[in-house]
Structure formats: structure tokens, C-alpha cells
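# Secondary and tertiary structure notes
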Protein chains: 2
Amino acid sequence: MVQENIVTAAMLAIGDELLSGRTKDKNIGHLAEMLTLAGIDLKEVRIVSDDEDAIVEALNALRSRYRYVFTSGGIGPTHDDITADAVGKAFGLEVTHDARAMDILGAMYAKRDLPFNEARQRMARMPVGSRHIDNPISVAPGFIIGNVHVMAGVPAVFVAMLDNVLPQLEGGKTMLSRTIACPYGEGDIGSPLTAVQKAHPDTVIGSYPKFDGKVYSTDIVIRSRQESDLDAAAAAVETMLTEVAALKTKGTSASGSD
Amino acid sequence: MVQENIVTAAMLAIGDELLSGRTKDKNIGHLAEMLTLAGIDLKEVRIVSDDEDAIVEALNALRSRYRYVFTSGGIGPTHDDITADAVGKAFGLEVTHDARAMDILGAMYAKRDLPFNEARQRMARMPVGSRHIDNPISVAPGFIIGNVHVMAGVPAVFVAMLDNVLPQLEGGKTMLSRTIACPYGEGDIGSPLTAVQKAHPDTVIGSYPKFDGKVYSTDIVIRSRQESDLDAAAAAVETMLTEVAALKTKGTSASGSD
């Protein structure tokens, strides 16, 4: 397979609430979609609890392996918000109250006539050398250190921070995709589709079964970075579907089986 | 912290479609909730692509570290369904067409007058020595090998398979939880809540900020396996909130700040 200019990424979602089921993560799916659009391959996601050792270990595994890492969660003002310290530990960097973050947060709380207390000041903590990720929703910034982008867990803030980060990323060539609606279930097309995939190694062909309660069908999704490869594989899938249709007309099985 | 009878678990969600954003995972949150109810601690989740090396590596990391592992996805009839082979490789076990699974699937397809072809037979493949997980929705079974539970990615089937698995698990003592609605944002309670957490090490106290567009508030969630520890920590939180309220009455800041 041609591996030109592949930019990879991983996500580390942090938070006990994700692992207890109390909160249903919404950030993984959003990041996945946005990176796909940017031509960046999300290769792995991990979810860990608010545990420093777990965060450090996962972060070091991911940041050494992938071009970009995105974290969510654990950058608020309470004791269970330990992401900044864990990231600092992973990088072997001191974590301090960032001067500019202190200014921004201090000004915001002053304007709102609220005390800029120790808890709120925690939100200014980041490893030395970090760059800010602006937070247009609730002011407290995320930060970038090395290839790691530390963002909030609250979905609205995660989305806003990611919008600020995406234009700065070195995007790979955008992955193109084409979806072909197949009126048969996976069982009817599994073997011939395998043959198509083998004959078109520069594409990635996925099949996604659907069942509406009565009838099985399949979405066949072809992905490639080259339009010409995509065209060739799509043509092969269409030919395959015509052949399957002819076989089914001869045989006993109807469309809509799994 | 008392660590009596803690049963841990991890999840491995498998599928390119989860990492491209095409499919939004629904199984992680469901498993998390069900394990919490069963008194089992979900400690880590990983999502990897339909890549054998990635699956094998993640599975071996998780199965050696946690009591139970649950996988989702990659057990259908198409070429991108490689979970059974990857699990076999991780365990160093041969993967064959399980005789009983062949019988069940063969009978089902015969009844529906559909060919039990090579693709459909793929769904009978599992590592030798596996036990079935019954699938009341679409028949093709999941399987259990060692401490690993291999289940479907389609949410309705995942849910049904998990229902069959849960009664067989050795449950830990159920984690109890209590939620206290706090009318203040995290910034107002961060420091005193840290003190409560330190004074009640046999509980895990989480704080979850809420913002309705105008007013910040917080859900404080206390978790413990001991009712008495929960009661003590909850009482301490209530006292803390009374103290914060008194401070705010004296000071300038209103409730509803972050």
C-alpha cells in the first residue's frame, strides 16, 4: 500500500466518569470525524481514569507512536483535575502557573467580581514551554506541549478548542471515501468483496451491515487518498454486485438476507 | 484505601469505522454502566482499527492486566472481520470453524433457505477451547476464551450478548454512589472539596460541572463500596456546602459562578 504523507493521531480521553458510565463520551466521535476531514488518520483511542500513573503511561505510549495526540478532560479547578500535572510528569517538565493564563483568568474573574482563588488558579497550570489553546467558551485555556494537545472534556469546549487547533496541524492528503449501497447482507457479498479488497490494495474497503427489522443490507465504504484508486475499486464493487445479483436471480435466495 | 475484592475490567472496541467517525460508538458507555451496576471497575478502554497487530498488542496488554476483557466488533462474515483470528493469535491458539457454531448457523441458514457459504461460515470461527456467548438477535455467537469476552459491534447484539455474560461474572462488591447537587460552580468548591476528599480516602469524590447557559452549578458524586464511608463523606460535603454558602453571603460573589 502506498504510504505517502500519512499523518497519524491518537486520542486519550481522561475521566472516571467515562469509565463509570455516568458520562457518555461525545468527543471521540467528533475528533474522529474532524481528523478524517483533515486527512489525518486517528489510529488509536484510550480512555483512562483520573489516575496519574495511568495517564502518564498511556500518554507516553501514544505520543511516541503517533504524530499528534489529543487529550480530553481533567483540566478544571478541582482535585480530580490532574491532567496538567500528569502531562508534565510524562514529559519530565515542571508544571507551573502560566503567567499569561493567570492574567487571562484573573481578568475574567475580576470582571465577574469573583475571587480568583487557589482552585480557579489551578486552571492556569501547565508544563513550562506550553503554548495556549484558546477557549472562547469558558476562557481557561488548553495547551500544546510537544505533539500533545490538552483540551477540555466538556464537549462544547472540546469542539471550540479543536476548531482552534485544526488549522495549525500538518494535514495529510485528505482521505477520500465513497459509499455504495448494497441491497444484500454481508453474508452474500463477503467472499467476492474480499477478492475486490485484495485486488485493490491501495484502498481500504469496509462493509457496514444494516438491518431494518425485516431486511438486511450493507453499506460498502471505499476509502483511498487517490481518486483514481477509489474509482477503480468502486467500479470493481459495482461489477461484483451485478454478479451477485445474477447469481441470486438463478438461485433461491432473495435480496435482504444477512 | 481499602482494596477488598476489587474486580477490574477493560474494553477493546475494534473497528476502522469508530476511528473514522463514521460510526459513533455506543457500546463503551453501555458496558461502563452495566459493569458499575455489577460492582466491577472498568479501568481502561482502547479503540483500535481492523489491524491484526494492533488488536493483538492491545488485547495482550489488557488481558494480562485486568480480570475481565470485553471486545466489540469484527466478528461478522467479511474480510475486515478479523477479531477471531487476532484473538487466537494473542492467545497462541489455533482458530477453527467451531463445530457447534457451524451447526447453529447452518441450521439457521437452512431454515431461511440461504446458502451457508464461506463468508457466513467465517462467523463460526473461534479459537479452540472457546465457550459460546449466545446471540438471541442474529444467531452468530460471540465467544469467551480465557478472561476475554468477544462480542459483536452492532449495539443491539452487544447488549444482548452482555446480558448473557453478566450473570457469569464474579462481581465485586457493588460500588455505591450518591450525588449531591451543589448550586455553585467548581471554582467555588474546588479547594474545600479537595480537603473533603483527603479526609475520606475510602471514597472517590468526583465533581461534574454544569452550565445551563446562564448559571454554573456542580454535581458532586461520592462513590464507595461501604455505606458508612459514603454517609460520612456525604455529611462532610453537606457541611462544606453550608460553609461555602455562609462565605458567599458575606462576600460579593453570587451562586451560579464557575
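Now for a quick tour of the structure. (Residues numbered from 1 in each chain as written. Chains lettered and ligands numbered in written order. Predicted model: local features only at pLDDT ≥ 70, side-chain atom pairs only at ≥ 80, totals over all residues. Heavy atoms only, no water.)

So, about the sheet that holds strand β1 (residues 7–14) of chain A. Strand order in this open sheet of 12 strands is β6(A)-β7(A)-β8(A)-β3(A)-β1(A)-β2(A)-β2(B)-β1(B)-β3(B)-β8(B)-β7(B)-β6(B), and the pairing throughout is mixed. Of all the strands in the sheet, the pair left with one neighbour each is β6 (131–135) of chain A together with β6 (131–135) of chain B. In this sheet, adjacent strand axes meet at a mean angle of 20° when their direction is disregarded. Where strand β3 (residues 68–72) of chain A meets strand β8 (residues 148–151) of chain A, 4 bridges bridge the pair, whose relative direction is parallel. Directly across from T71 of chain A, in β8 of chain A, lies its bridge partner V150 of chain A. The sheet strands contacting helix α2 (residues 27–37) of chain B are β2 (40–48) of chain A together with β1 (7–14), β2 (40–48) and β3 (68–72) of chain B, and the helix crosses β2 of chain B at an angle near 165°. Against the sheet, helix α4 (residues 83–91) of chain B engages β1, β3, β7 (139–145) and β8 (148–151) of chain B, with an angle of about 15° to β7 of chain B. (Pairing = 2+ DSSP bridges. Helix = DSSP H or I, 4+ residues; strand = E, 2+ residues; numbered from the N terminus. Axes fitted to C-alpha atoms, helices over the stretch in contact; angles between N-to-C directions. Contact = heavy atoms within 4.5 Å.)

When chain A is fitted to chain B, the best match, at an RMSD of 0.0 Å, comes from turning it 180° and sliding it 0.0 Å along the axis. Given the turn and translation reported, the copies of this chain are related as if by a two-fold rotation axis. The position closest to the rotation axis in chain A is occupied by the C-alpha of R46 of chain A, lying 2.2 Å away. Comparing contact sets, 100% of the residues at the interface of chain A also lie at the interface in chain B, consistent with an isologous, same-surface contact. (Least-squares fit on C-alpha atoms with pLDDT ≥ 70 in both.)

Where interface size is given, it is often the accessible area lost as the parts come together that is meant. Each side of the interface is counted separately: chain A has 60 residues, and chain B has 60 residues. Interface area, chain A with chain B, both sides summed: about 4,800 Å², of which 49% is carbon and sulfur. Joining chain A to chain B, the criterion identifies 8 salt bridges. Between K24 of chain A and E33 of chain B there is a salt bridge; the shortest N-O distance is 3.1 Å. Here chain A and chain B share 23 residue pairs in polar contact (both at pLDDT 80 or more) between them. No other element matches the 8 residues that helix α8 (residues 186–199) of chain A contributes to the side of chain A that touches chain B. Class assignment of the residues belonging to the side of chain A that touches chain B gives a composition of 20 nonpolar, 19 polar and 21 charged. (Buried area = accessible area lost by both parts, 1.4 Å probe. Salt bridge = Lys/Arg side-chain N within 4 Å of Asp/Glu carboxyl O. Polar contact = N/O pair within 3.5 Å; in protein donor to acceptor, adjacent residues only side chain to side chain. Nonpolar A, V, L, I, M, F, W, Y, C, P; charged D, E, K, R; others polar.)

The subject of this paragraph is helix α8 (residues 186–199) of chain B. In this model, α8 of chain B (14 residues) spans 19 Å end to end at C-alpha, consistent with the 20 Å of a helix rising 1.5 Å per residue. At P192 of chain B, α8 of chain B shows its strongest bend, of approximately 35°. Of the residues making up α8 of chain B, those classed as buried are E186, G187, D188, I189, G190, L193, V196 and Q197 of chain B. Those residues of α8 of chain B hidden inside the fold are in contact with α6 (118–122) of chain A together with β9 (176–182), β10 (204–211), β11 (216–224) and α9 (227–250) of chain B. (Expected span 1.5 Å × (residues − 1). Bend = angle between axes of the 7 residues up to and from the residue. Buried < 20%, exposed > 50% of the residue type's maximum accessible area, 1.4 Å probe, protein only.)

Residues and elements named next belong to chain B. Across the interface, α2 lies against helix α7 (residues 155–165) with an axial gap of 10 Å and an inter-helix angle of 20°. Here α7 runs roughly parallel to α2, going by the angle between their axes. Two packed elements cross with a definite hand, and for α2 against α7 that hand is right-handed. Counting all contacts with α2, which are made through N27, H30, L31 and M34, the residues of α7 involved are P155, F158, V159, L162 and D163. A class-by-class count of the residues in the contact of α2 with α7 yields 6 nonpolar, 2 polar and 1 charged. (Parallel < 35°, antiparallel > 145°, perpendicular 65-115°, else oblique. Left-handed = near helix turned anticlockwise from the far one by under 90°.)

Moving on, we get to the side chain of T71 of chain B. Note that T71 of chain B resides in strand β3. When sequence neighbours within four positions are dropped, the list of residues in contact with T71 of chain B reads L12, I14, L59, T83, V148, H149, V150, M151 and F158 of chain B.

A word on the sheet that holds strand β9 (residues 176–182) of chain A. All names here are of chain A. If you walk across this open sheet you meet the 3 strands as β9-β11-β10, and the pairing is antiparallel. Two strands close off the open sheet at either side, each with one partner strand: β9 and β10 (204–211). Within the sheet, the average angular offset between the axes of one strand and its neighbour, ignoring direction, is 20°. With 7 bridges joining them, β9 and strand β11 (residues 216–224) adopt antiparallel strand pairing. By the bridge assignment for β11, I180 is matched with I220. Packing of α8 onto the sheet brings it into contact with β9, β10 and β11, and relative to β10 it is tilted by some 175°. On the sheet, helix α9 (residues 227–250) packs against β9 and β11 and is oriented at approximately 10° with respect to β9.

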